[in-house]
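# Breakdown of the fold
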Amino acid sequence: MRLLYSALWWIGMPLVLLRLWRRGRKEPGYRRHIGERLGFYPPLPGPAARFIWVHAVSVGETRAAEPLIDALLREYPQHAILLTCMTATGRATGEQLFGKHGARVVQSFLPYDTGFMCGRFLRHFRAEVCILMETEVWPVMIAQCRRHGVPVMLANARLSERSLRRGKRFASLLRPAAEAIACVGAQSEADAARLRQFGARHVEVTGSLKFDVQPPAEMVERGLAWKRAIGDRKVLLCASTREGEEQLILDALAGLGKVDWLTVIVPRHPQRFDEVAAMMEARGLSVRRRSQMTDAFDSDEAQVVLGDSMGEMFAYYAACDVAFIGGSLLPLGGQNLIEAFALGKPVLIGPHTFNFQHITEDAVGDGAAARVADAAQLLGTWASLLADPDQASRMAHAAAAFARQHQGATGRTLALMRPLMGQPALR
């Protein structure tokens, strides 16, 4: 099965590269470093580094890896971090978060999952340990790691019921990969149980690393400055919205006529910024784009602000009164709620959260979040919170408490991986 899988990669490679080039029309980062995706790398600067390799596929995983990478840099001063990703925005986020570390954090795209490319990657960097973030199980790469003596850990791991069912269809390919992983740090007991069903061994519940991410002080201050510039108007943030959701939210908003609050919409994917701006204008809404503002956040005449900037998500959360987390109005699985909780913001969430089911249910049960069925109920619940500031305050306090309660995953993850580095698993 693995041979067939590899053969399909080679057969489809021209289409894969064509798609990469076409995607680069909107996101130029996809046209850079293409050789890395094929297993070709420039010489490493200076003497060969001792690498701990962390793979974070895109933006969310890269941000989640931040506390772990910072801890690894402190605990292993003789090592460097090799940070790989698959998306251009993930790589840009890595540069933003870790560029300050200079040569101690080296970035690369992960090669496509063929034996030739993966083998070249492993021989070039000679990483001592591989840490895969969340759901990144690449069958050929894991087999190549085993062949080259590189132990693999799956950190911050999650597996939904839906993904488990899908994975079982390809069990002959994916189960050997899961069994070859040396240890797994799962986000929850439910994730751990599903990962064991999938064939993973040595699974422990370490919690979510995202609770240990500290909001950057400069971003928090920027958001508070925006809030002061906005003045008395309350702010509803629609964060990480996905394709199809903006139309629903904007239609519901336009149907209300003039309202006395400010709606800020931040699409998850930057290539969609212009598309979402056009939707706003087509509905006759007064729109300002963050990219056209100064730091004063001059939104006085706007009904809607389009958050078309990168790296300012914590500032948006700091500026808002309530946050709706996208990817959940449509069956897309939801997005990360934790950044909003870290800043003590009440959260509204749609019905589709299967990628974050456990944490979402716990947050709703603790009063930190509330579910809405659709865009109309989203705006209705927001209006209810505006009319009942005591309820909004209770949700805000519950959100902050929920974030504090779930911290500590970084230390537990380090303890789990220490044996892979030849150390005792001290806690």
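Reading guide: rules and limits
- Residues numbered from 1 in each chain as written.
- Predicted model: local features only at pLDDT ≥ 70, side-chain atom pairs only at ≥ 80, totals over all residues.
- Heavy atoms only, no water.
- Core = buried A, V, L, I, M, F, W, Y, C linked by side-chain atoms within 4.5 Å.
- Buried < 20%, exposed > 50% of the residue type's maximum accessible area, 1.4 Å probe, protein only.
- Helix = DSSP H or I, 4+ residues; strand = E, 2+ residues; numbered from the N terminus.
- Contact = heavy atoms within 4.5 Å.
- Pairing = 2+ DSSP bridges.
- Axes fitted to C-alpha atoms, helices over the stretch in contact; angles between N-to-C directions.
- Polar contact = N/O pair within 3.5 Å; in protein donor to acceptor, adjacent residues only side chain to side chain.

### Here we look at the nonpolar core
The biggest cluster of nonpolar side chains holds 46 residues, and the ones touching the most others in it are W53, F121, M141, V184 and L195. When residues of this core are assigned to their parent elements, the largest contribution, five residues, is made by helix α5 (residues 115–125). Counting 39 residues, the second largest nonpolar core, distinct from the first, contains V213, W226, I338 and A398.

### Quick word on helix α4 (residues 88–98)
For α4, a buried count of eight out of eleven residues is recorded, marking the element as mostly surrounded by other parts of the structure. Listed in full, the buried residues belonging to α4 are A88, T89, G90, R91, T93, G94, L97 and F98. On its buried face, α4 is in contact with α2 (34–37), α3 (59–75), β2 (80–85) and β3 (105–109).

### Observations regarding the sheet that holds strand β13 (residues 347–349)
An order of β10-β11-β9-β8-β12-β13-β14 is seen for the seven strands of this open sheet, with the pairing classed as parallel. Every other strand in the sheet has two partners, leaving β10 (287–289) and β14 (369–371) as the edge strands with one partner each. Looking at each pair of strands side by side, their axes are set apart by 20 degrees on average, direction ignored. Pairing geometry for strand β12 (residues 322–325) and β13, over three bridges, is parallel. Each bridged residue has a counterpart across the sheet, and for I325 the counterpart in β13 is I349. Against the sheet, helix α16 (residues 375–387) touches β8 (235–241), β12, β13 and β14, its axis set at about 160 degrees to β13.

### Side note on the sheet that holds strand β4 (residues 129–133)
The strand order β3-β2-β1-β4-β5-β6-β7 describes an open sheet built from seven strands, whose pairing is parallel. One side of each edge strand has no neighbouring strand; the edge strands of this open sheet are β3 and β7 (203–205). For this sheet the average axis-to-axis angle between neighbouring strands, irrespective of direction, equals 20 degrees. Two strands pair when backbone bridges link them, and strand β1 (residues 51–55) and β4 are joined in this way by four bridges, in the parallel orientation. Counterpart to V54 in the pairing with β4 is I131. Of the strands in this sheet, β1, β2, β3, β4 and β5 (152–157) are in contact with α3, which crosses β4 at around 150 degrees.

### Section: the environment of M417
In this fold, M417 is placed in helix α18 (residues 409–417). Placed 344 residues apart in sequence, M417 and L73 show a C-alpha to C-alpha distance of 14 Å. The contacts of M417, once residues within four sequence positions are left out, are L72, Y76, I131 and M153.

### Some words on the pairing of strand β9 (residues 262–267)
A large share of β9 lies buried, amounting to six of its six residues. Judged by which residues are buried, β9 turns out to be covered on both faces: L262, V264 and V266 on one side and T263, I265 and P267 on the other are all buried. In terms of strand pairing, β8 meets β9 through six bridges, oriented parallel. Bridging across to β9, T241 finds its partner in P267. Summarising the sheet, β9 and strand β11 (residues 304–306) pair through three bridges and their orientation is parallel.

### As for the side chain of T241
Mapped onto the elements of the fold, T241 is located in strand β8. Taking relative accessible area as the criterion, T241 reaches 0% and is therefore assigned buried. Here the side chain of T241 touches E246 through a polar contact of 2.8 Å, side chain to side chain. In this view, T241 contacts E246, I249, I265, V266, P267, R268, R272 and G326; residues no more than four positions away in its chain are not counted.

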